[in-house]
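Listed below are the residues making up each chain.
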Amino acid sequence: MDLVRRLVPDDAPAFREIRLEALALHPEAFGADLAAEQARSAAGFAERLAEGCIFGGFVDGRLDATAGLLVPPSAKQRHKATLWGVYVREARQGGTLAQALLTAVLAHAAGQVEQVQLSVAATNLRAVRFYRRLGFETYGTEPRALKIDGRYIDELLMVKVLAP
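Residues numbered from 1 in each chain as written. Predicted model: local features only at pLDDT ≥ 70, side-chain atom pairs only at ≥ 80, totals over all residues. Heavy atoms only, no water.

- Within an unreviewed UniProt entry, the label attached to the protein chain reads Ribosomal protein S18 acetylase RimI-like enzyme, and the organism entered is Azospirillum picis.

Structure, rendered in structure tokens:
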């Protein structure tokens, strides 16, 4: 059975495990660096969960998906949030977990911001299609957004307007 909820500091070990897996398997999908995240202490992961807004998708008690939401502290930017760190374990892709997770995150965002933005590797067509089904629209491309081992990754910039 799927369960989606906001992660708490007690979830830090499971969050660290899935975060490191995501960065190791799909470095082109994340701006974060695997080595830097590996060096982060368990307390650092717990602190990130305490201070941030990160949701998890669980199947049979196992954390199998994550998504973070970041609202800038600046008064001039508090009307928008950034969706980050979206990852669904391969065994759960194509099922209902990603939809449930993002629906929960967007519902949470709707009570706080007017729009949600994200960036996604332009070559990740499956993710781009998924975000479009959720109502995100492409508003630009950042060329050479990431550089991994001498290879550049372009990112599509997408937005979903929640309120006028």
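1. Some details on unusual backbone geometry
So, step 1. A positive phi is found at D60, a non-glycine position, where the angle reads about 50°.
So, step 2. With respect to the helices and strands, D60 occurs in the loop between strand 2 (54-59) and strand 3 (62-70).
So, step 3. When its relative accessible area of 66% is taken as the criterion, D60 is described as exposed.
So, step 4. Here R144, not a glycine, exhibits a phi torsion of approximately 55°, which is positive. (Helix = DSSP H or I, 4+ residues; strand = E, 2+ residues; numbered from the N terminus. Buried < 20%, exposed > 50% of the residue type's maximum accessible area, 1.4 Å probe, protein only.)

2. Considerations on the side chain of K160
So, step 1. Structurally, K160 is set in strand 7 (residues 151-161).
So, step 2. The side chain of K160 is buried and forms no salt bridge, while E137, the nearest opposite charge, is found at 8.8 Å.
So, step 3. A polar contact of 2.6 Å, which involves the side chain of K160, links it to the backbone oxygen of L134.
So, step 4. Residues within four places of K160 in sequence aside, it is in contact with L106, E114, Q115, V116, L134, G135 and F136. (Lys, Arg positive; Asp, Glu negative; His and termini not counted. Salt bridge = Lys/Arg side-chain N within 4 Å of Asp/Glu carboxyl O. Polar contact = N/O pair within 3.5 Å; in protein donor to acceptor, adjacent residues only side chain to side chain. Contact = heavy atoms within 4.5 Å.)

3. Quick notes on the pattern of salt bridges
So, step 1. Here the structure, examined in full by the defined rule, presents nine salt bridges.
So, step 2. For the salt bridge of R19 with E37, the shortest nitrogen-to-oxygen distance reads 3.3 Å. Within this pair, whereas R19 is found in helix 1 (residues 12-25), its partner E37 is found in helix 2 (residues 34-39), the two being separated by 18 residues in sequence. An identical accessibility class is assigned to R19 and E37; each is buried.
So, step 3. Several salt bridges share partner residues, and in doing so they unite E17, E21, R62, D64, R89 and R92 into one network.

4. Quick notes on the pairing of strand 2
So, step 1. A large share of strand 2 lies buried, amounting to six of its six residues.
So, step 2. On strand 2, burial covers both faces: I54, G56 and F58 on one face and F55, G57 and V59 on the other are all buried.
So, step 3. As paired elements, strand 2 and strand 3 share six bridges and run antiparallel to each other. The partner of F58 across the bridge, within strand 3, is L63.
So, step 4. Where strand 2 folds back on strand 3, the antiparallel hairpin that results is connected by two residues, among which D60 adopts a positive phi of roughly 50°. (Pairing = 2+ DSSP bridges.)

5. Quick look at the nonpolar core
So, step 1. Counting residues in hydrophobic clusters, the biggest one holds 28 residues, and the most contacted among them are L69, L83, V116, L118, V120, Y131 and F136.
So, step 2. Of all elements in the fold, only strand 2, strand 3, strand 4 (80-88), helix 4 (97-110), strand 5 (115-121), helix 5 (125-133) and strand 7 reach the threshold of two or more residues within this core.
So, step 3. At seven residues, helix 4 tops the list of elements feeding residues into this core.
So, step 4. Discounting residues that sit within four places of it in the chain, L69 has contacts with C53, A81, T82, L83, W84, V105, H108, A109 and V116.
So, step 5. Counting residues in hydrophobic clusters, the runner-up holds 14 residues, among them I18, L23, L49 and Y87. (Core = buried A, V, L, I, M, F, W, Y, C linked by side-chain atoms within 4.5 Å.)

6. Description of the packing of helix 1 against helix 3 (residues 42-51)
So, step 1. Running from amino to carboxyl end, helix 1 crosses helix 3 at an angle of 100°, the nearest separation of the two axes being 9 Å. Of the possible angle classes, the one that applies to helix 1 and helix 3 is roughly perpendicular. When helix 1 is examined against helix 3, the residues A12, F15, R16 and R19 are found in contact with a partner set consisting of A42, F45, A46, R48 and L49.
So, step 2. Its residues assigned to classes, the contact of helix 1 with helix 3 comprises six nonpolar, no polar and three charged. (Axes fitted to C-alpha atoms, helices over the stretch in contact; angles between N-to-C directions. Parallel < 35°, antiparallel > 145°, perpendicular 65-115°, else oblique. Nonpolar A, V, L, I, M, F, W, Y, C, P; charged D, E, K, R; others polar.)

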